[in-house]
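# Survey of secondary and tertiary structure
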Amino acid sequence: MNIEKKTFLLHLLSQVFWGISLGIFLLHDIILKKTLQGTDFDVLILVYLLNTSFLFSIYGTEIINHSSNPARMIIILGLAGRIFLFLIPVINSLYYFIFVIIISSYLDYMLFPSWNVVFKHNYSDSKRSKYYAYASTITTGFTLAATTLTGLWLDVNENVYKVLFPLAGVFGIITYLILAKMWKLSPLNITSGITTLKSFSLRLLKDIILLPFRKTFAIFKENKSFLKFEINFFIYGMAFMIMLPVIPVFIVDELYLGYPPISFGKGLVYHSALILFTPLMGKFHGTGKPARFCSLVFFILALFPLLLLLSKYFNTASGFPGINSSELIFYLAYFIFGLGMSGITIVWNIGSIYYAPPEMVSNYQAVHITMTGVRGLFAPVIGYIAMQIFSKEIAFILSSFLFLTASVLMLRDAGNPYRSYQ
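Per-chain numbering applies: the sequence of each chain, read as written, is numbered from 1 onward. With pLDDT at 70 or above as the cut-off, local features in this predicted model cover only qualifying residues; side-chain atom pairs require 80 or more to be listed or tallied, and sums for whole chains, interfaces and linings still use all residues. The side-chain numbers reported here are obtained from all heavy atoms of the structure, hydrogens and water having been left aside.

### Thoughts on the overall build of the protein
Counting its secondary structure elements, the protein contains 18 helices and two strands. The proportion of buried residues among the 422 residues of the protein is 58%. In what follows, a contact means two residues having at least one pair of non-hydrogen atoms within 4.5 Å. The contacts in the protein between residues at least 6 apart in sequence include a share of 87% that link residues at least 24 apart. The protein chains shown are the only cover counted for residues, whose accessible areas, like all others here, come from Shrake-Rupley with a 1.4 Å probe. About 17,300 Å² of surface is accessible on the protein, with carbon and sulfur atoms providing 70% of the total. Comment: elements are numbered from the N terminus, with helices defined as DSSP H or I runs of at least four residues and strands as E runs of at least two. Between buried and exposed lies partly exposed: a residue is buried under 20% and exposed over 50% of the maximum accessible area for its type, with that area taken using a 1.4 Å probe on protein chains only.

### Observations concerning the packing of helix α5 (residues 70-82) against helix α6 (residues 94-122)
Where α5 contacts α6, the two axes come as close as 7 Å, and the packing angle between them is 160 degrees. Overall, the two elements α5 and α6 adopt an arrangement that is roughly antiparallel. The handedness of the crossing between α5 and α6 is left-handed. On α6, the residues touching I74, L77, G78, A80, G81 and R82 of α5 are I103, S104, L107, D108, L111 and S114. For the contact of α5 with α6, the residue count by class is six nonpolar, four polar and two charged. Helix axes use the C-alpha atoms of the stretch in contact, all axes being lines fitted to C-alpha atoms, and the angles between their N-to-C directions lie in the range 0 to 180 degrees. By the definition adopted for this analysis, an angle is roughly parallel if under 35 degrees, roughly antiparallel if over 145, roughly perpendicular if from 65 to 115, and oblique otherwise. Helix crossings are classified by the rotation of the near helix relative to the far one: an anticlockwise turn of less than a right angle makes the crossing left-handed, while a clockwise turn makes it right-handed. Each residue gets one of three labels, nonpolar for Ala, Val, Leu, Ile, Met, Phe, Trp, Tyr, Cys and Pro, charged for Asp, Glu, Lys and Arg, and polar for the others, Gly among them.

### Overview of the confidence of the model for the protein
Scored from 0 to 100, pLDDT records how confident the predictor is in each individual residue. On average, residues of the protein score 82 in pLDDT, and 87% of them are at 70 or above. Mean pLDDT values over the elements of the protein span from 51, in strand β1 (residues 317-320), up to 93, in helix α14 (residues 303-310). Within the model, the stretch residues 192-198 combines pLDDT values under 50 with eight contacts to residues more than four positions away or in other chains. Low confidence marks residues 417-422, where pLDDT is under 50. Its contacts with residues over four positions away, or in another chain, come to 23 contacts.

### Re the nonpolar core
Soluble globular proteins tend to bury their nonpolar side chains together. Only buried residues count toward a nonpolar core, which is a set of Ala, Val, Leu, Ile, Met, Phe, Trp, Tyr and Cys residues joined through side-chain atoms within 4.5 Å. F165, Y236 and Y334 are the most contacted members of the largest nonpolar core, which has 131 residues in total. With 17 residues, the top contributor of residues to this core is α6. Not counting residues up to four positions away in its chain, the partners in contact with F165 are I24, F25, H28, I31, L85, I88, F97 and I101.

### As for the environment of A146
With respect to the helices and strands, the residue A146 is situated in helix α7 (residues 128-156). Sequence separation between A146 and L164 is 18 residues; the distance between their C-alpha atoms is 9.9 Å. Apart from the residues lying within four places of it in its own chain, the contact partners of A146 are G19, I20, G23 and I24.

What follows is the structure in structure tokens.
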């Protein structure tokens, strides 16, 4: 069996465990607001720290690339990101819950660029999008099942998260063990030209802190096409993050939904759309320039906050037993969200590959993820301020406007020449 097929089988297996872990984690903001009685500001803190965790991605790339044994370093970081979950049953604290979610997220994003190294070197250009789409569908299926079941269990006993989150930790660790195995299958020269860490000094610490930012500026200066792509993607990301601190507050305080309908919308409906459309999005994305693809996806996503907002104003019979029109529009909103995110899942994870030279794939993806962290420094705060000073409605409308802006800018740049390293 060749490297590509072995990698694909391991990739599918890893996404089974990752999907279950992700499905349990998916309701963390609702658990914070509904079960742990967190304030709107507590939700902001969680969302804010989660989105700044992207900033650490570029450091994960440097740590792994400079390690004498990258596969072992992947396992160490993966274990470190999950070990605190095992104390959730004995530490009954809202702030420890936030801390655990944040630590897991920080370490996850430090490891994310390592997936791209595997995708670039173990998959051929012609099959990469297809294989990724299939694996993503597996992730989505298991996430759907895990989220739906988690919501049902939480409705019976809100404290069941104390058992489920440590279980998610176990599945997360298994995922990174498989990633390490996939890395070992990659060609031996994937980190050629990188110096391994042999000693530590204050000068080295300074270099570790500054080098990623130097590389970011150097990449943008050298590759203007990638810079334009990232600027447009930055605007999309602002739209996405502005609504993050608003959504759980809106769902709990405005729609008054319980765990079953929330998990049904965020779990079954959302992930069903992901399963249905991710393979089609993978085929549509293909091997071409991501800009035109992003333009369509951003336009679809602009509908989500508007539909979510609309669900508040329709509370009549829907014609479906036990479901009013408000819930029906809520489900429609998450179906549209799943449709849009089926495209984002692909382009966010492998879009940077089309601009990156082979030896810098993880660096480009680290820059891409780090820019997500940069907007995470202020975009959720904008959403929170808009919600507190104006209204949740204004926050959703602002989000939709920025989605549309990013869509138009991507479409404008789609016809421009660009540098590709296919």
